[in-house]
Amino acid sequence: GCWEAGNMPDFDKLVQGMGAVLLQREVPEQVNEAAAAAACKAGVPVFQDVGGEDRPISDEMLKLCTYICPNETELRRLTGLPTSSDDEVIAAARALVSRGAKAVVVTLGAQGSIMVTGDDVVRQAACPLTSPAVDETGAGDSFRAALAVFLSGGGKVGEALAFAS
């Protein structure tokens, strides 16, 4: 198949000059691992969207990613921990940090987002809507893209969460 070890793109070459690498889980995990390893080696931040295929994430992959980006449902699936309150979300995110994640950015829909890095927690309220949301499809993807753009441009974490919201 096109994603077998001998048939992989030259990720070391592809990541050169990139500001960020955004990964999602609709491709085989070995592809994400190879892309993340190359980006990590090149000093390019890696944003891993954990939506899509429901599968565990390895400790090695957590260590390669700069930002792990689940929503609260995906965080619960990844950790097996409850995520119905801010305190539970923070505890579940810390469980991923204890496995090697550098930062966990959890989107919470209308409640905003929370970023957990070690002992630090940054909360961001959602932007108020001026009219009712018609369709939430792609909201998380847009959030992660905005976060990546802002941070790869040298922005600060708290400001990045506000920008992405």
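Our structure is the block above this text.
Scoring rules and cut-offs
Residues numbered from 1 in each chain as written. Predicted model: local features only at pLDDT ≥ 70, side-chain atom pairs only at ≥ 80, totals over all residues. Heavy atoms only, no water. Helix = DSSP H or I, 4+ residues; strand = E, 2+ residues; numbered from the N terminus. Rg over C-alpha atoms; globule rule 2.2 N^0.38 Å. Buried < 20%, exposed > 50% of the residue type's maximum accessible area, 1.4 Å probe, protein only. Expected span 1.5 Å × (residues − 1). Contact = heavy atoms within 4.5 Å. Salt bridge = Lys/Arg side-chain N within 4 Å of Asp/Glu carboxyl O. Phe/Tyr/Trp six-rings, centres within 6.5 Å; stacked < 30°, edge-to-face > 60°. Polar contact = N/O pair within 3.5 Å; in protein donor to acceptor, adjacent residues only side chain to side chain. Axes fitted to C-alpha atoms, helices over the stretch in contact; angles between N-to-C directions. Left-handed = near helix turned anticlockwise from the far one by under 90°. Nonpolar A, V, L, I, M, F, W, Y, C, P; charged D, E, K, R; others polar.

**Description of the overall build of the protein**
Here comes step 1: Counting secondary structure elements, the protein contains seven helices and six strands.
Here comes step 2: Over its C-alpha atoms the protein spans a radius of gyration of 16 Å, differing by no more than 12% from the 15 Å that the globule rule assigns to 165 residues.
Here comes step 3: Its C-alpha atoms give the protein principal-axis dimensions of about 50 × 35 × 30 Å.
Here comes step 4: Out of the 165 residues belonging to the protein, those deemed buried represent 38%.

**Topic: helix 2 (residues 29–42)**
Here comes step 1: The end-to-end C-alpha separation of helix 2 is 20 Å, in line with the 20 Å expected for 14 residues at 1.5 Å each.
Here comes step 2: When helix 2 is considered as a whole, its buried residues turn out to be Glu29, Val31, Asn32, Ala35, Ala36, Ala38 and Ala39.
Here comes step 3: Against helix 1 (11–14), strand 1 (21–23), strand 2 (46–49) and helix 3 (59–64) lie the buried residues of helix 2.
Here comes step 4: Once helix 2 ends, the next one or two residues include Gly43, with phi positive near 75°.

**Looking at the pattern of salt bridges**
Here comes step 1: This structure, assessed with the given rule, holds nine salt bridges.
Here comes step 2: The residue Arg55 makes a salt bridge to Glu53 at a minimum N-O spacing of 3.0 Å.
Here comes step 3: Since its relative accessible area comes to 41%, Glu53 is described here as partly exposed.
Here comes step 4: Asp86 is paired through a salt bridge with Arg123; the nearest N and O atoms lie 3.4 Å apart. A residue pair is termed long-range when its members are at least 10 positions apart, and Asp86 in helix 5 (residues 86–98) and Arg123 in strand 6 (residues 120–124) qualify at 37 residues.
Here comes step 5: Judged by its relative accessible area of 35%, Asp86 is partly exposed.
Here comes step 6: When salt bridges that share partners are traced, they join Arg25, Glu29, Glu53 and Arg55 into one network.

**Some thoughts on the packing of aromatic side chains**
Here comes step 1: Enumeration over the complete set of coordinates arrives at two aromatic pairs.
Here comes step 2: Consider the rings of Phe47 and Tyr67, whose centres lie 4.7 Å apart with planes at 15°: the pair is stacked. Taken together, the residues span a long stretch of sequence, with Phe47 in strand 2 and Tyr67 in strand 3 (residues 67–69) at a distance of 20 residues.
Here comes step 3: Relative accessible area serves as the criterion here: at 2%, Phe47 is assigned to the buried category.

**Points about the environment of Glu29**
Here comes step 1: Structurally, Glu29 can be placed in helix 2.
Here comes step 2: Leaving out residues up to four positions away in the same chain, Glu29 has contacts with Arg55, Ile57 and Met61.

**Digging into the side chain of Glu29**
Here comes step 1: What makes Glu29 buried here is its relative accessible area of 15%.
Here comes step 2: Among the polar contacts listed, one links the side chain of Glu29 to the side chain of Arg55, at a separation of 2.8 Å.

**A short note on the packing of helix 6 (residues 139–152) against helix 7 (residues 157–164)**
A pair of packed helices can be characterised by two numbers: the angle between their axes and the separation between those axes.
Here comes step 1: Contact pair helix 6 / helix 7: the axes reach a minimum separation of 8 Å and the direction vectors enclose 145°. Relative to helix 7, the crossing made by helix 6 is right-handed. The residues of helix 7 that touch helix 6, namely those facing Phe143, Ala146, Leu147, Phe150 and Leu151, are Val157, Glu159, Ala160, Leu161, Phe163 and Ala164.
Here comes step 2: Grouping the constituent residues of the contact of helix 6 with helix 7 by class yields 10 nonpolar, no polar and one charged.

**What to know about the environment of Gly112**
Here comes step 1: Residue position: Gly112 is located in the loop between strand 4 (104–107) and strand 5 (113–117).
Here comes step 2: C-alpha separation for the pair Gly112 and Gln124, spaced 12 residues apart in sequence, amounts to 5.5 Å.
Here comes step 3: Ignoring anything within four residues of it in the chain, the contact list for Gly112 reads Val106, Thr107, Gln124, Ala125 and Ala126.

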